[in-house]
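Understanding the architecture of this molecule
Next come the chains, spelled out residue by residue.
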Protein chains: 2
Amino acid sequence: MKERVYNFAAGPSTMPIEVLEKARDELVSYGDSGMSVMEMTHRGKDFSEIFSNAKSLFREVLSVPDTHEILFLQGGATLQFASIPMNLMNGGTADYAVTGSFSGKAAREARKYGDVNLACDTGARGFDRIPEQNELKLSDDASYFYYCANNTIYGTEWHYVPETSSALVCDMSSDILSCPVDVSRYGLIYAGAQKNIAPAGLTVVVIDRGLAGKHMDITPDIMRYDVLIKNDSMLNTPPCWCIYMLTLELEWLKKQGGVAAMDQLRRERSGMIYEVLDNSSFYIQKAEANSRSFMNATFRTPSEELDREFVEGAAKEGLVNLKGHRITGGIRASLYNAMPLEGAAALADYMKRFEAHNTCLK
Amino acid sequence: MKERVYNFAAGPSTMPIEVLEKARDELVSYGDSGMSVMEMTHRGKDFSEIFSNAKSLFREVLSVPDTHEILFLQGGATLQFASIPMNLMNGGTADYAVTGSFSGKAAREARKYGDVNLACDTGARGFDRIPEQNELKLSDDASYFYYCANNTIYGTEWHYVPETSSALVCDMSSDILSCPVDVSRYGLIYAGAQKNIAPAGLTVVVIDRGLAGKHMDITPDIMRYDVLIKNDSMLNTPPCWCIYMLTLELEWLKKQGGVAAMDQLRRERSGMIYEVLDNSSFYIQKAEANSRSFMNATFRTPSEELDREFVEGAAKEGLVNLKGHRITGGIRASLYNAMPLEGAAALADYMKRFEAHNTCLK
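What you see as residue numbers is a count from 1 along each chain, following the sequence as written. Naming scheme: in the order in which they are written, chains are lettered from A and ligands are numbered from 1. Reporting of local features is limited, given that this is a predicted model, to residues whose pLDDT is at least 70; pairs of side-chain atoms are given and counted only at 80 or more, and all residues count toward the totals for whole chains, interfaces and linings.

Section: the pairing of strand 4 (residues 115–121) of chain A
The criterion for strand pairing is that DSSP finds at least two bridges linking the strands in question. Secondary structure elements are taken from DSSP: a helix is a run of H or I of four residues or more, a strand is a run of E of two residues or more, and numbering for both begins at the N terminus. Note: strand 3 (residues 93–98) of chain A against strand 4 of chain A, six bridges, orientation parallel. Bridge pairing in strand 4 of chain A links Asp95(A) to Asn117(A).

A look at the relation of the copies chain A and chain B
The relation between the two chain copies is a rotation about an axis coupled with a shift along that axis. Least squares is the method used to superpose the copies, on C-alpha atoms of residues holding a pLDDT of at least 70 in both. Rotating chain A by 180° and translating it 0.0 Å along the rotation axis places it on chain B, where the RMSD comes to 0.0 Å. Overall, the copies show the geometry of a two-fold rotation axis. For chain A, the smallest separation between a C-alpha atom and the rotation axis is recorded for Arg24(A), amounting to 2.6 Å. Taken as a fraction of all interface residues of chain A, those also at the interface in chain B reach 100%, which identifies the copy contact as same-surface. The contact rule is simple: place each C-beta atom from the backbone, and if two of them lie within 7 Å, those residues are in contact.

Description of the environment of Asn337(B)
Residue and element names in this part refer to chain B. Note that Asn337 resides in the loop between strand 13 (331–334) and helix 9 (341–360). Through-space distance from the C-alpha of Asn337 to that of Ser178 is 6.4 Å; in sequence the pair is 159 residues apart. Other than its neighbours up to four places away in sequence, Asn337 contacts Leu177, Ser178, Asn196, Leu253 and Met262.

Notes on the domain arrangement of chain A
Residue and element names in this part refer to chain A. Domains are outlined according to an automatic or database domain assignment. Each domain of chain A was delimited in the assignment, giving domain 1 (6–13 + 258–360) and domain 2 (17–254). Computed over C-alpha atoms, the centres of domain 1 and domain 2 are 26 Å apart. Between domain 1 and domain 2, the residue contacts involve 28 residues of the former and 28 residues of the latter. Secondary structure elements with two or more residues in the side of domain 1 that touches domain 2: helix 7 (258–278), strand 11 (296–299) and strand 13 (331–334). Top contributing element to the side of domain 1 that touches domain 2 by residue count: helix 7, with six residues. Here the residues of the side of domain 1 that touches domain 2 are counted per class, giving eleven nonpolar, eleven polar and six charged. Gly falls in the polar group here, along with every residue not listed as nonpolar (Ala, Val, Leu, Ile, Met, Phe, Trp, Tyr, Cys, Pro) or charged (Asp, Glu, Lys, Arg).

Examining the interface of chain A and chain B
In this assembly, 59 residues from chain A lie in contact with 59 residues from chain B. The set of elements that each furnish at least two residues to the side of chain A that touches chain B consists of helix 1 (17–26), helix 3 (76–88) and helix 6 (240–256) of chain A. The leading source of residues in the side of chain A that touches chain B is helix 3 of chain A, at five residues. Taken together, the residues that form the side of chain A that touches chain B break down as 26 nonpolar, 22 polar and eleven charged.

Section: unusual backbone geometry
All names here are of chain A. Along the chain, Gly11 connects to Pro12 via a cis peptide bond; the corresponding omega equals -5°. For Leu177, which is not glycine, the phi dihedral falls at a positive 65°. Here Leu177 lies in the loop between strand 8 (167–171) and strand 9 (188–192). Of note in the backbone geometry, Asp232 takes a positive phi value of approximately 50° without being a glycine. You can see Asp232 is positioned in the loop between helix 5 (225–230) and helix 6.

Looking at the packing of helix 1 (residues 17–26) of chain B against helix 6 (residues 240–255) of chain B
Residue and element names in this part refer to chain B. At a closest axis distance of 9 Å, the pairing of helix 1 and helix 6 adopts a crossing angle of 140°. Viewed along their axes, helix 1 and helix 6 adopt a mutual orientation that is oblique. Considering the relative orientation of helix 1 and helix 6, their crossing is right-handed. Side by side, helix 1 and helix 6 meet where Glu18, Val19, Lys22 and Ala23 of the first sit next to Met245, Leu248, Glu249 and Trp252 of the second. The residue makeup of the contact of helix 1 with helix 6, split by class, is five nonpolar, no polar and three charged. Between N-to-C directions, angles span 0 to 180 degrees; the directions come from axes that are lines fitted to C-alpha atoms, helices contributing only their stretch in contact. Put simply, angles under 35 degrees are roughly parallel, angles over 145 are roughly antiparallel, angles from 65 to 115 are roughly perpendicular, and the rest are oblique. Should the near helix be turned anticlockwise from the far one by less than a right angle, the crossing is left-handed, and should it be turned clockwise, the crossing is right-handed.

A word on the sheet that holds strand 4 (residues 115–121) of chain B
Residues and elements named next belong to chain B. The mixed open sheet is built from seven strands, whose spatial order is 2-10-9-8-5-3-4. Looking at which strands have only one partner, the edges of the open sheet turn out to be strand 2 (68–73) and strand 4. Geometrically, the sheet is characterised by an average inter-axis angle of 15° between neighbouring strands, direction not taken into account.

Listed below in structure tokens is the structure:
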């Protein structure tokens, strides 16, 4: 067994070692059940406890008000790209803020089910910034406003909550539970779990109950929020193992001090990387300074060859998965909740050494 | 940690202990990767190997011909209830054989997307049998014929493959990999993994490539078989952990002798239970003898009170989850691939003792 590495992957991504060790210790036989969590019937006593624990921990950690339901689903963000317009658009109009690849995909999918108004589209300038409130073009009759809080590929993040008259819908896949959120301002928040909260295969949806029940007739039952709320996420068998892992992650997160502590830590981690970048005449950043992400730092060296050398050299030091997304190239360091400060510090140190080495050589 | 039990749950259900122990040993750090499988980026080298291994093992074990694609998806059977008509019905007609709860749900969902012809509906007589070929009412213009191979709730199973002129579509959630199947006869086979092959959160679809690409316009991208085939199941992040567990299960299954050995074992396991039932004047079976399932034996005692006593007494001997489905009541023993012969023997022995005890008392 090789020593564990610092894993900067954008998702699925690193998890706390304490969480993994607990999962390992309980894997074959959970508590007094005499079986693995993976073998438990989802309607039995043992799994019901895990499930309700996951829900109440999530509600507590993210301060979800009683007006909002928490759903544990399958299908990832990509299924939500269709579920959201099928349930909330009602064949009418919705505003979409396109600030990256995933919000663009969501907007394209929504066009199948109604009219999409682009509140903004920063694609022409390579998605290098988040527009300000007064730049958003909102339509009068929108049923909701959709945005993606953090753009993993481009390393940008919304640092404010948009003001809209329609329901606010947000893809928080890559920054959920990394900071406090006023959930009451949102109609719907969702997140694929595999970046910041649990293994791949679980999607968490937090929805204002008042929004459910307005779906189009052609909406599959398994995508109808009203049906899912009524069945408490168990219209069919839920992704049980991922929900169990979520409870371990949430318990760990609480022990670290909750989302307020996570917010502090994400600023420290990304701060270490941005400090190197801001003091460098070697590395190139595309994301505008006031739009930069706390979760994913994206940058490049002066050449593709040096980018490759950077990534390969880092891997030799146990700093892995630093290659940028195939759309952008370059380098990307994902700095999620489970990344220890030591990992970010090791990367910052490596960056400085790599720059010094390659500047001397010039 | 409590000693492991014999778990007769209908799904999620028991898994081989060797598989669980291997998963435990590799959980924190997989091979030379320095990370858990749960932390691996799905586009990286390590997970790509796991993924292609899962596909090739599945193809080998079920003898899937090259004409058919293997997809690893999320959403369970319930999402397929909608995906199948959205992709294959084309707004036309399809034949549905309703022989239980899940095929009934599939037929109801399909009505949203076209005309459903009921080739049979055994609901009036409590789903106690599988109709014979000459009882099936097939329509002339059906785009496909849909059936559920094994009915977990009612304990019945199709012991023949229906002859149809339209494409054969089959839900094999509860008996896939339990016997050899001539895949070339099918247009589409699918299975929620959580009964017989892997943890909950993975759906395997085996589809004749020629059937893809005829979807309705309103089909979400993530449900379009043509898109999923083109993206090799990775339009978005797949349920990585479940796919990894599938590889361990498939390796175990191969070592046991493959699906031919599983077929022999399922006959032995269910044979032990049916032998007790056939020689009993105490237990009551509803499923007709020639429709009985190899996977789920359903029966009852003369009273609900005795049913409860049976289930509680069995649990005290480490034979758990024997309570029948809430629709039917009674007792159900699910006897999937991972149930050791010793488990079935222990249950048969308990059944005999329970009968003797309660017959003496009369």
